[in-house]
Amino acid sequence: MRHDDASSHPAQPPLNTDTPETPLTSETLIEVEHLRDAGTPRSGGEDDEHVKALTDVEDRLPPIIVHRPTMRVIDGMHRLRAAKLRGARRIRARYFEGDEADAFVLAVRTNVSHGLPLSLNDRRAAAARIVATHPRWSDRRIAAATGLAARTVASLRREADVDGTADGARRIGQDGKERPVSSAEGRRIAGELIAEDPELSLRAVAREAGISPETVRDVRSRIRRGENPAPPRGTVNRSGVEPERAEGGSGLDGQTRRAGGVRRVPVPPRRGAHRRSLLRRLRNDPALRLSEPGRALLRLLAAQAIGEEGWRRIAALVPPHSRQMTVQAALGCAQAWQEFAQRLDPELESAEPPNG
């Protein structure tokens, strides 16, 4: 059955694509013939199989995002092609009013956070372009938009020889605030504030010292261990965390080096907010949300996302006589998930247990 427009399906909850820097208009209907290709960040163009999957979806899909000045599609080319295949003359959309450089950032961010994800090569190419168009943005801000590790963005910045600051000292972070590239002075101030009032919150110290809360956390840990809060240059990365603690970055492109080259290993996402963010992004993928196998996968993943405190409460309730059986069952589940991950990405290898 063909539809006259793409608004004839029952509504689904909208995706939250608004941010303070990318305000969008309310939904409207646009004639599909007026829309143009935005120069997608996908080097291979649209995926025909994904378009077909969306064509078969009965529920209403999220609105596409259109750059009003150029009428180019920022996000939703797969949905647009699916609407055309269904014979729709109009499609639900929201307008973005910003410039083309910001429109590209929004295209990358939305394609990283939902739907068919961008490949690693596409995300690296997008990050290199954003480094050039937004040189004053911090590595972590660009990393958040592209789904890469901040250290990967830093490497791309060095390759492009883009400093991004007028005096080489400050960049704009994810919260829109300027911070020094070198955090040594901020760490020194944070150390003094913590020494004066150990009960100050991370955010309070971060505001006073002009550094990130994560850097303040590292400063506080160093003080507790009796170490210098501002270690020698090169022993911490720009996020304020020691390199060995940030090896996985965002969890999307981590690698482990060994004799004989580089091997890819599964890098589990950090606990808490990051894992919940991954689950939210998967739930926003129509191909998963609107198929029975996809919904089964989402239910299994959601069952694991109970947080550290939730697991602690469950562990406390396991009776002593059942603990060893529970351990074996948990390890079996962990192995099953590991094998599932390797089935999705055959290049992954089992992570080696840490020495000692």
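The present account deals with the structure reproduced in this document. (Residues numbered from 1 in each chain as written. Predicted model: local features only at pLDDT ≥ 70, side-chain atom pairs only at ≥ 80, totals over all residues. Heavy atoms only, no water.)

**A short note on helix H4 (residues 120-133)**
The criterion, for reference: Numbering of helices and strands runs from the N terminus; a helix is a DSSP stretch of H or I covering at least four residues, while a strand is a stretch of E covering at least two. A helix's residues, less one, multiplied by 1.5 Å, set its expected span. Think of it in three bands: residues with accessible area under 20% of the maximum for their type are buried, residues over 50% are exposed, and the middle band is partly exposed, with areas taken using a 1.4 Å probe on protein chains only. Any pair of residues with heavy atoms lying within 4.5 Å of one another is described as a contacting pair.
Across its 14 residues, H4 extends 20 Å between first and last C-alpha, which sits within 8% of the 20 Å expected from 1.5 Å per residue. Along H4, the positions that sit buried rather than exposed are Asp122, Arg123, Ala126, Ala127, Ile130 and Val131. Considering only its buried residues, H4 is in contact with helix H3 (100-113), helix H5 (139-146) and helix H6 (150-160).

**A word on the environment of glutamine 304**
By the secondary structure assignment, glutamine 304 is in helix H12 (residues 292-304). By relative accessible area, glutamine 304 is classed as partly exposed at 33%. Beyond its immediate stretch of four places on either side in the chain, glutamine 304 contacts Trp311 and Trp337.

**Thoughts on the nonpolar core**
Basically, it comes down to this: Each nonpolar core is a collection of buried residues, namely Ala, Val, Leu, Ile, Met, Phe, Trp, Tyr and Cys, held together in the definition by side-chain atoms within 4.5 Å.
Val108, Ile130, Ile142 and Val153 are the most contacted members of the largest nonpolar core, which has 16 residues in total. Of all the secondary structure elements, the ones that give two or more residues to this core are H3, H4, H5 and H6.

**Observations concerning the pattern of salt bridges**
The condition that has to hold: Salt bridges are defined by distance alone: a side-chain nitrogen of Lys or Arg within 4 Å of a carboxyl oxygen of Asp or Glu.
Under the criterion given, the structure shown has 14 salt bridges. Across the pair arginine 92 and glutamate 27 runs a salt bridge whose closest N-O atoms are separated by 3.0 Å. Within this pair, whereas arginine 92 is found in strand E5 (residues 90-96), its partner glutamate 27 is found in the segment before strand E1 (28-31), the two being separated by 65 residues in sequence. On the basis of relative accessible area, glutamate 27 is assigned to the partly exposed category, the value being 37%. Within the structure, one salt-bridge network assembled from shared partners comprises Arg187, Asp218, Arg222, Arg225 and Glu227.

**Some points on the sheet that holds strand E2 (residues 36-37)**
Threshold: Between any two strands, at least two bridges found by DSSP are needed for them to pair. Each axis is a line fitted through C-alpha atoms, and for a helix only the stretch in contact is used; angles between axes span 0 to 180 degrees, taken between their N-to-C directions.
Spatially, 5 strands are ordered E1-E5-E3-E4-E2 in an open sheet, and the strand pairing comes out mixed. This sheet does not close on itself; its edge strands, each paired only once, are E1 and E2. As paired elements, strand E3 (residues 64-67) and E5 share 4 bridges and run parallel to each other. By the bridge assignment for E5, histidine 67 is matched with phenylalanine 96. Contacts from helix H2 (residues 77-85) reach E2, E3, strand E4 (72-75) and E5 within the one sheet, and its direction differs from that of E4 by about 120°. H3 contacts E3, E4 and E5 of the sheet and is inclined by roughly 45° relative to E4.

**Things to note about the pairing of E5**
The buried fraction of E5 amounts to 6 of the 7 residues, a majority that puts the element mostly inside the structure. Examined bridge by bridge, E1 and E5 share 4 bridges and lie antiparallel to one another. Residue pairing for E5: threonine 28 is matched across the bridge by alanine 93.

**Details of the packing of aromatic side chains**
Operational definition: In this scheme Phe, Tyr and Trp rings, the latter by its six-membered ring, pair at centre separations within 6.5 Å, and the angle between planes marks the pair as stacked below 30 degrees, edge-to-face above 60, and tilted otherwise. Whether a charge sits over a ring comes down to the Lys NZ or Arg CZ being within 6 Å of the ring centre and within 35 degrees of the ring normal.
Counted according to the given criterion, the structure contains 1 aromatic pair. With a centroid separation of 5.8 Å and an interplanar angle of 80°, the aromatic rings of tryptophan 337 and phenylalanine 340 are classed as edge-to-face. Pair noted here: tryptophan 337 and phenylalanine 340 are both in helix H14 (residues 323-344), with a separation of 3 residues, about one helical turn. Positioned over the ring face of phenylalanine 104 is arginine 129, at 3.7 Å from the centre of the ring. If you follow arginine 141 out to its NZ or CZ, it ends over the ring of tryptophan 137, 4.1 Å from the centre.

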